[in-house]
Amino acid sequence: MPTKIDMAKFASFCKDMGFIYQSSEIYGGINGFWDYGPLGVELKKNIKDAWWLDMVRNPPPGPDGQEIRMVGLDCAIIMNPKVWVASGHVGGFADPMVGCKTEGCNKLYRADKVYLVDFEGGVKVGVEANSKAEAEAASFDVAKRSKKRLPPNPAPLAMELVGLAKDGPGIATVPCPNCQELSLTEPRAFNLMFESNAGAIQSEENKVYLRPETAQGIFVNYRNVLDSTRLKLPFGIAQVGKAFRNEINPRNFTFRSREFEQMEIEFFCRPDESMKWYEYWRDLRKTWYSTLGIKSDNLVPREQGKEELAHYSIGTTDIEYMFPFSDEPQELEGVAHRGSFDLTAHAKHSGNDKLNYFDEDRWNADAGTRTTNSFKEWMKANPPADEIGKYQFTPHVIEPSAGADRFTLAVLCEAYTVEELKDAKGNPDTRTVMRFHPRLAPIKAAVFPLVNKDGMPEKATALYRSLKPYFNVFYDDKGAVGRRYRRQDEAGTPFCITIDGQTLVDDTVTVRDRDTLKQERVKVGDVRGVIEKALTPGA
Ligand code: ATP
């Protein structure tokens, strides 16, 4: 992986194994919402824990070899709605969309995903796709389903992304990708925030939003964190938590969901050092995915073009992954240089004049021939604005913003392998194995008694219980040992430990490696060390 796979089959494998279920499935599900099963919840927790450990508790040294100061935060999902006015979400957090006016169809599409495909003989097909290549591939199926007659050797003559094109043929010329009627509306804004009411009365005054990102909770707590920790620039505040977006078109399994989790850092720094920190975080975040088993060939950092940048952003790099459902890499994480946009906006809207920073270190370092040590005293002499700005300013912010669910999906895709093997009799056989990095694997080790007699279950239970306080381990004594290995391969368990006749003689067990299939004899007392070694960051 990730070569192209049938996502429907993959989703069904994920369901069967207990990684991911459709939400409320017994009622027919609900579009854009997913549940994590027993293996999935462990996998996603391991991803969030690895992120927290590697980015918040133990980030690598900064660009000049200095220690990085990071702290965490856990904010409420519902905040004062003024937060979303200040952040620009109430006014502008909207994807342009088009809708079909045909009775019974009424489908909605993101305008930047609607293609018009032209065939010979004037046959035109509307398609919803992520890329030109995808649009081309899908257009044949769409034409067939809608009974459009394609020429004998169909090949698209032209293909256009129409929805937002200024000088193109116009949306009125594009058949609806679903019903193929010429009935799409002009693109219009669609606010992606979910609304609710806080309190008993449903009114405009009580209207609140489910947060569409975790970042704003960090910005509005900037002064609180500064005051309670006395942190000095540069420093980062991190948060992991749910975000909600009423996506027009949730699709590609969990890739675009309406409820998802983000792992975000706001890294506050001096404006004149911000580019250095932007490069640091961009490079670090890409490397992080590789250290957790994502092949670097499948990871593509893409610097956004000027025309793509959000209005406040000085630079953004999307770290993209070659998901097997698309011909083009798709965003896993965005690393954005947000300048001082957010703190400035919140200072303006809240009237709080403390969302800035007094750079005491610089102030002291520049003491020189100054006659006073008091910044307040110094200010009374009306120094020039650029002089003041050296010591009192709004920090710049670098934001690495990752999706926990998107990365979970990438990890599942990357790990999924079907191997052709030979069985014990030399007959062809296949093995499905999830090659998770041991740090992410839902189960770290499985313990098996070879047979359920001769004191083996007792030994196996004792080993299982000795490992359980440290790792998620699994005990299995059902069926042939070969079958038990296969079940763990499908769950992605890196080690299978078997208690056999020899264990009773010399207290050694076999440790089978999921990837090499090699079995090593190890002293019972050393098993914990073998697992720990594989789980050590950077090992
Ligand atoms: P996209 O262009 O795919 O809609 P975005 O640029 O709007 O994403 P950001 O606002 O930068 O995304 O959010 C940061 C991260 O949150 C994304 O890189 C992604 O991993 C995750 N994310 C955003 N929207 C969704 C969603 N609907 N479902 C799952 N994860 C999401």
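Whatever comes next refers back to the structure up there.
As the structure is a computational prediction, the values presented were derived from the model and not from experiment.

Caption draft 1: A look at helix 15 (residues 481–491). Residues of helix 15 that are buried include every one of Arg-484, Tyr-485, Gln-488, Asp-489 and Ala-491, and no others. Buried residues of helix 15, viewed axially, fall in a sector of 160 degrees; they line one side. Gly-492 occupies a position one or two residues after helix 15 and carries a positive phi of about 80 degrees.

Caption draft 2: Geometry of the nonpolar core. Among the nonpolar cores identified, the biggest contains 58 residues, and Phe-10, Phe-19, Trp-281 and Phe-407 are the most heavily contacted of them. A total of 8 residues in this core trace back to one element, the largest contributor, which is helix 13 (residues 404–415). In this view, Phe-407 contacts Ile-47, Trp-288, Tyr-289, Leu-292, Ile-294 and Leu-332; residues no more than four positions away in its chain are not counted. Counting 19 residues, the second-largest nonpolar core is a separate cluster that includes Leu-463, Val-473, Ile-499 and Leu-535.

Caption draft 3: Broad picture of the packing of aromatic side chains. Using the criterion set out here, one finds 34 aromatic pairs in the structure. One residue, Arg-282, lies across the ring of Tyr-278, its end atom 5.9 Å from the ring centre. Looking at Arg-370, its charged tip hangs above the ring of Tyr-391, at a distance of 5.8 Å from the centre.

Caption draft 4: Looking closely at the sheet that holds strand 6 (residues 114–118). Within the open sheet, the 3 strands sit side by side as 7-6-8. Their pairing is antiparallel. Among the strands making up the open sheet, the edge pair consists of strand 7 (124–128) and strand 8 (158–161). Ignoring which end each strand starts from, the neighbouring axes of this sheet average 20 degrees apart. Most of the contacts of helix 5 (residues 132–145) go to strand 7, to which it runs at about 120 degrees, and overall it touches strand 6, strand 7 and strand 8.

Caption draft 5: Quick look at the site of the ligand. Around the ligand, the structure places 15 residues, and the nearest of them are Glu-247, Arg-256, Ser-257, Glu-331 and Leu-332. Glu-331 is positioned such that a nitrogen or oxygen atom in its side chain is 2.6 Å from an oxygen atom of the ligand. The side chain of Arg-406 places a nitrogen or oxygen atom 3.0 Å from an oxygen atom of the ligand. With the chains in place, 81% of the 590 Å² that the ligand exposes on its own is no longer accessible. For the shell around the ligand, the secondary-structure elements that each account for two or more residues are strand 13 (259–269), strand 16 (330–339) and strand 19 (396–403). When residues of the shell around the ligand are assigned to their parent elements, the largest contribution, 4 residues, is made by strand 16. Split by residue class, the shell around the ligand holds 3 nonpolar, 5 polar and 7 charged.

Caption draft 6: Representation of the sheet that holds strand 24 (residues 495–499) within the structure. Overall, mixed pairing links the 5 strands, which are arranged 23-22-24-25-26 in an open sheet. The open sheet has two edge strands with one neighbour each: strand 23 (473–475) and strand 26 (519–523). Going across the sheet, the axis of each strand differs from the next one's by a mean of 25 degrees, ignoring polarity. As paired strands, strand 25 (residues 508–513) and strand 26 are joined by 5 bridges and run antiparallel to one another. Paired with Val-509 across the bridge in strand 26 is Val-522. Packed on one face of the sheet, helix 14 (residues 456–467) meets strand 22 (445–449), strand 23 and strand 24 and runs near 165 degrees to strand 22.

Reading guide: rules and limits
Residues numbered from 1 in each chain as written. Predicted model: local features only at pLDDT ≥ 70, side-chain atom pairs only at ≥ 80, totals over all residues. Heavy atoms only, no water. Buried < 20%, exposed > 50% of the residue type's maximum accessible area, 1.4 Å probe, protein only. Helix = DSSP H or I, 4+ residues; strand = E, 2+ residues; numbered from the N terminus. Arc of directions from axis to C-beta. Core = buried A, V, L, I, M, F, W, Y, C linked by side-chain atoms within 4.5 Å. Contact = heavy atoms within 4.5 Å. Phe/Tyr/Trp six-rings, centres within 6.5 Å; stacked < 30°, edge-to-face > 60°. Lys NZ or Arg CZ within 6 Å of the ring centre and 35° of its normal. Pairing = 2+ DSSP bridges. Axes fitted to C-alpha atoms, helices over the stretch in contact; angles between N-to-C directions. Near = heavy atom within 4 Å. Polar contact = N/O pair within 3.5 Å; in protein donor to acceptor, adjacent residues only side chain to side chain. Areas by Shrake-Rupley, 256 points an atom, 1.4 Å probe, with all protein chains shown as cover. Nonpolar A, V, L, I, M, F, W, Y, C, P; charged D, E, K, R; others polar.

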